[in-house]
Amino acid sequence: MIRKYKWLRVSGGIVLALAVAAALFSLQPEIAPISPPDAAQFSADSINRGKKLAALGDCSACHTRPGGMTNSGGLAMDTPFGTIYSSNITPDATSGIGSWSYPAFRRAMRYGIDRHGHYLYPAFPYTSFTQTSNDDLQDLYAFLMTQPAVSYRPPETRLSFPFSIRQGMAAWNWLFLQPGERAPDPNQSAIWNRGAYLAGGLGHCSACHSPRNLAAAEKHGSDALSGGIAEGWTAPALNGHSPAPVAWDQTQLQHYLRTGYSREHGVAAGPMGPVIAGGLSQQSDEDLEALAHWLVSFQPATTAQADELTARAEQRSQRLDSAGARQYSGSCMVCHSQQKGPQLLGVRPSLALNSNLYTDTPDNLIRIVLDGISHPATANLGTMPGFRHQLSDRQIATLLNWLRTDFAGQAPWTDLENKVADIRQNSHGAE
Ligand code: HEC
Ligand code: HEC
Ligand code: HEC
């Protein structure tokens, strides 16, 4: 009921905003088409830099449908307003962006407006990309325009009324888009500002790690990076509200952003996996250092020590005095115990240190136990089997609440068995 009521309020607000927008904004002009630029006009250096920037911005992750050619579009993204399909951003003149001049490309990245003058939906994270410098946008353009042109027209996006009217985004932008580069913070070091630039612009960390308001816009200020939702996973807070039991330090963060694994925290298992695999792992050491340096500046001071937490959990798991403990011992310990055991391939994350055990939402853990990790963020991490067909909803709930209380020392999650059943139904399962 409450949800419905909220959406009613949102739609009402949007209709009103639409009326305001119609009055306030005239239509945006079309930018004249060009013939696809000759590759020779871009330098190899510029193209190479652009390749790295495209990785940082995860362009291909959203612009490639399963089985489709890189960046040719057609990936379906579900939103409460309907399905949005990503565009073809290869340099094909008719179905892609081959006829886009650099100013047309820059306008899309800065203002979320396509070459014809139509407003784009913020499922395309231009609210972050807008912060990218002109130099970086030039390099990105050089890279995209020198990739293979693919002729493919993605299905048309048809949202429910009033969201179907793209012009309505003018009002949304007016309310929520802060266009253009941010001035560096003069009170911070150059490396900190570099980190803020990478994260806030092409890295678009806040698209997943910030909570959103009723109009689906990211919250700013002290709410920025305080935790959000991505593809049904919880993206934990990266600011002072970080749930990590042991504070992230710069070395651990840098290693995590490069490899998807940190000894004191664990692995990137869900949507963070591709962000690392296709994007962050390809950045320079200097840039990852800057990102880590910037992130660490928000970490809360915690005194917990990784070794102590792990040792306590190890002791706890030796006592098989409950159904949860026995389940853990039977199904998980062989790969997750920190004692010497048969050395299997991959890493051995200590579950006592995992942020997911310390967040209010059990969703990430449920997903990992049901479906395992078949695509590690980087190859050396190894894979984890799913338990969808071995464990019942009740067994998974018992096990996870045992980990939650006995490993993490937190109050048990409520209604856990139903949540497991729900996610089991609505997730696809590993093939
Ligand atoms: C989180 C998903 C996501 C990411 C990441 C993403 N895009 Fe997109 N992009 C979209 C969607 C969805 C659309 C279509 C929006 C619409 O139809 O209103 C789009 C549209 C565009 C358009 C407009 C194309 C047209 O024909 O109208 C351009 C240009 C673009 N993206 C470039 C990029 C670049 C460059 C990157 C990487 C730096 C990138 N995108 C990363 C989701 C994404
Ligand atoms: C065959 C070995 C194996 C078994 C059995 C196993 N895991 Fe894992 N698990 C792994 C590996 C390897 C990873 C890291 C995989 C990666 O990131 O690619 C992992 C990762 C995880 C993660 C993510 C950790 C993090 O830091 O985010 C969780 C949670 C997890 N396992 C829980 C469990 C639970 C609960 C069980 C028992 C039901 C279990 N695992 C059984 C091998 C295993
Ligand atoms: C597509 C959504 C998405 C984007 C973009 C994204 N993240 Fe994440 N991130 C997640 C999710 C979801 C998790 C937790 C579960 C997982 O996927 O492993 C996570 C986990 C993390 C963690 C581990 C936190 C912890 O306490 O365990 C760090 C650190 C992190 N992300 C940093 C970043 C940074 C820095 C950026 C930007 C450069 C970024 N993320 C961009 C979705 C995202």
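All values derive from a computational prediction rather than experimental measurement.

### Observations regarding the coordination of the iron atom of ligand 2
Okay, step 1: For the iron atom of ligand 2, the full set of protein donor atoms is H336 (NE2) and M384 (SD), and the range of their distances to it is 1.9 to 2.1 Å.
Okay, step 2: Its 6 donor atoms give the iron atom of ligand 2 angles of 84 to 179 degrees at the centre, a pattern that matches the octahedral case. A residue pair is termed long-range when its members are at least 10 positions apart, and H336 in helix α15 (residues 333-336) and M384 in the loop between α16 (363-371) and α17 (393-407) qualify at 48 residues.
Okay, step 3: Among the residues examined, H336 registers a relative accessible area of 13% and is labelled buried.

### Side note on the site of ligand 1
Okay, step 1: In the neighbourhood of ligand 1, 25 residues make up the surrounding shell, with C59, C62, H63, Y121 and R166 lying closest.
Okay, step 2: At 2.7 Å, a backbone N or O of Y121 approaches an oxygen atom of ligand 1.
Okay, step 3: A distance of 2.6 Å separates an oxygen atom of ligand 1 from a polar atom in the side chain of R166.
Okay, step 4: Those elements giving two or more residues to the shell around ligand 1 turn out to be α3 (59-63), β2 (82-85) and α6 (134-145).

### Let's talk about the nonpolar core
Okay, step 1: Of all hydrophobic cores here, the largest spans 46 residues; its most connected members are F105 and L140.
Okay, step 2: For this core, the secondary-structure elements that each account for two or more residues are α2 (44-56), α4 (102-111), α6, α8 (190-200), α10 (250-259) and α12 (285-296).
Okay, step 3: Counting residues per element, this core draws most heavily on α6, at 7 residues.
Okay, step 4: Domain assignment of the residues forming this core places at least three in each of domain 1 (2-176) and domain 2 (190-296).
Okay, step 5: With residues near it in sequence (within four places) discarded, F105 still touches I97, W100, L137, L140, Y141 and L144.
Okay, step 6: V246, C332, L365 and I396 belong to the second largest nonpolar core, which has 31 residues in total.

### So, the site of ligand 3
Okay, step 1: Inspection of the region around ligand 3 gives 24 residues, with C205, C208, H209, M272 and S355 positioned closest.
Okay, step 2: Side-chain polar atom of W248 to an oxygen atom of ligand 3: 3.1 Å apart, as the coordinates give it.
Okay, step 3: A distance of 2.6 Å is found between an oxygen atom of ligand 3 and a side-chain nitrogen or oxygen belonging to S355.
Okay, step 4: Broken down by secondary-structure element, the contributors of at least two residues to the shell around ligand 3 are α9 (205-209), β4 (233-235), α10 and α11 (272-278).
Okay, step 5: A per-class count over the shell around ligand 3 returns 17 nonpolar, 7 polar and no charged.

### A closer look at the environment of D307
Okay, step 1: With respect to the helices and strands, D307 occurs in helix α13 (residues 306-318).
Okay, step 2: Note on D307: relative accessible area 56%, which makes it exposed.
Okay, step 3: Remark: the alpha-carbon pair of D307 and S72, spanning 235 residues in sequence, is separated by 47 Å.

### So, the coordination of the iron atom of ligand 1
Okay, step 1: No protein donor other than H63 (NE2) coordinates the iron atom of ligand 1, and that contact is at 2.0 Å.
Okay, step 2: Turning to its location among the elements, H63 is positioned in helix α3.

### Observations concerning the domain arrangement of the chain
For an interface, size is often stated in terms of accessible area lost upon the parts coming together.
Okay, step 1: Here the domain parsing of the chain yields domain 1 (2-176), domain 2 (190-296) and domain 3 (306-426).
Okay, step 2: Each of domain 1 and domain 2 was reduced to a C-alpha centroid, and the two centroids are 23 Å apart.
Okay, step 3: Summing both sides of the interface, domain 1 and domain 2 together bury roughly 1,900 Å²; the carbon and sulfur share of this comes to 63%.
Okay, step 4: Joining domain 1 to domain 2, the criterion identifies 0 salt bridges.
Okay, step 5: If you list the elements that add at least two residues to the side of domain 1 that touches domain 2, you get α1 (2-24), α2, α5 (126-129), α6 and α7 (169-176).
Okay, step 6: Among the residues making up the side of domain 1 that touches domain 2, the classes are represented as 12 nonpolar, 6 polar and 5 charged.

About the criteria used
Residues numbered from 1 in each chain as written. Chains lettered and ligands numbered in written order. Predicted model: local features only at pLDDT ≥ 70, side-chain atom pairs only at ≥ 80, totals over all residues. Heavy atoms only, no water. Donors = N, O, S within 2.8 Å, 3.2 Å for Na, K, Ca; no water. Tetrahedral: all angles 85-135°; square planar, octahedral: opposite > 155°, others 65-115°. Helix = DSSP H or I, 4+ residues; strand = E, 2+ residues; numbered from the N terminus. Buried < 20%, exposed > 50% of the residue type's maximum accessible area, 1.4 Å probe, protein only. Near = heavy atom within 4 Å. Polar contact = N/O pair within 3.5 Å; in protein donor to acceptor, adjacent residues only side chain to side chain. Core = buried A, V, L, I, M, F, W, Y, C linked by side-chain atoms within 4.5 Å. Domains from an automatic or database assignment. Contact = heavy atoms within 4.5 Å. Nonpolar A, V, L, I, M, F, W, Y, C, P; charged D, E, K, R; others polar. Buried area = accessible area lost by both parts, 1.4 Å probe. Salt bridge = Lys/Arg side-chain N within 4 Å of Asp/Glu carboxyl O.

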